[in-house]
Amino acid sequence: MDNYSWLLIIFLVVGLFGTFIPLLPGLWLMSLSILAYGIFDGWHDYSMWFFVISLILAIVGNLVDFGGSVLGAKKFGASSIGSIGTIAGGIVGSVLAKVPGAFLGGIFGTLFGELYHKKSVKSAVRASAGTMVGMAVSTLAQFLIGLVLLVTTMIKLWG
């Protein structure tokens with residue numbers, strides 16, 4: 001493997017870390033790295049279809065990321081206002097406190113949304129727990145998608 005192949009692998013590994021570090025565009029970085037290498041390499045190591053599939057996986061991973069915490073909150077009994085609180089809290093938290101803020105903002109957003117909706121403290125905490133479960137599941141799904149992209153790319157480069 002040449003230096004450019006190693007550079008691609010480094011970007012893919014950084015992207016893999018980005019699947020569980022908020023505000024680091026993990027799957028997007030991986031997909032764009034595959035595109036850049038493919039263009040540079042003239043699509044010799046892998047075809048353009050490989051990039052298209054990686055792009056589709058990045059889109060699916062992004063949708064899972066956005067929907068995971070909301071679906072988790074809904075599954076644990078959150079109302080529509082609680083779900084809006086999840087989204088708003090995640091956005092505000094990520095702006096104010098970057099990495100931990102996105103996580104904590106979603107949880108507290110759900111909690112405050114449910115309390116505003118006149119739910120009991122117990123059901124509000126339960127919905128917030130659902131937000132945490134949803135975030136964990138969506139993070140795991142993104143990590144697994146990223147791992148598939150990394151391993152598949154390495155096989156194509158070394159194969």
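Residues numbered from 1 in each chain as written. Predicted model: local features only at pLDDT ≥ 70, side-chain atom pairs only at ≥ 80, totals over all residues. Heavy atoms only, no water.

**Q** How should I be thinking about unusual backbone geometry in this particular structure?
**A** Peptide bonds are trans in most cases, and residues, glycine excluded, mostly fall at negative phi. For Trp43, which is not a glycine, the phi torsion comes out positive at approximately 60°. You can see Trp43 is positioned in the loop between helix H2 (26-41) and helix H3 (48-75). (Helix = DSSP H or I, 4+ residues; strand = E, 2+ residues; numbered from the N terminus.)

**Q** What should I look at first to understand the nonpolar core in this one?
**A** Looking at soluble globular proteins, one finds that nonpolar side chains tend to be buried together. Counting residues in each nonpolar core, the largest one holds 16 residues, and the members touching the most others are Leu8, Leu12, Leu27, Met30, Ile34 and Tyr46. For this core, the elements supplying multiple residues, two or more each, are helix H1 (3-18), H2, H3 and helix H5 (121-158). Beyond its immediate stretch of four places on either side in the chain, Leu12 contacts Met30, Ser33, Ile34, Leu150 and Thr153. (Core = buried A, V, L, I, M, F, W, Y, C linked by side-chain atoms within 4.5 Å. Buried < 20%, exposed > 50% of the residue type's maximum accessible area, 1.4 Å probe, protein only. Contact = heavy atoms within 4.5 Å.)

**Q** Hey, could you run me through the environment of Leu16 in this one?
**A** Inspection of the secondary structure puts Leu16 in helix H1. Judged by its relative accessible area of 10%, Leu16 falls in the buried class. Through-space distance from the C-alpha of Leu16 to that of Phe143 is 6.4 Å; in sequence the pair is 127 residues apart. Not counting chain neighbours up to four residues away, the residues in contact with Leu16 comprise Met30, Phe143, Gly146, Leu147 and Leu150.

**Q** Looking at this structure, how should I read a nonpolar patch on the surface?
**A** Together, Phe103, Leu104, Phe108, Phe112, Leu115, Val121, Val125 and Met132 line one region of the surface with nonpolar side chains, adding up to about 740 Å² of accessible area. Within the residue set of the nonpolar patch, elements represented by two or more residues are helix H4 (80-116) and H5. Take the nonpolar patch: its biggest share by element is 5 residues, from H4. Turning to its location among the elements, Leu115 is positioned in helix H4. (Patch = residues over 30% accessible without salt bridge, like charges linked within 9 Å, V, L, I, M, F, W, Y side chains within 5 Å. Areas by Shrake-Rupley, 256 points an atom, 1.4 Å probe, with all protein chains shown as cover. Salt bridge = Lys/Arg side-chain N within 4 Å of Asp/Glu carboxyl O.)

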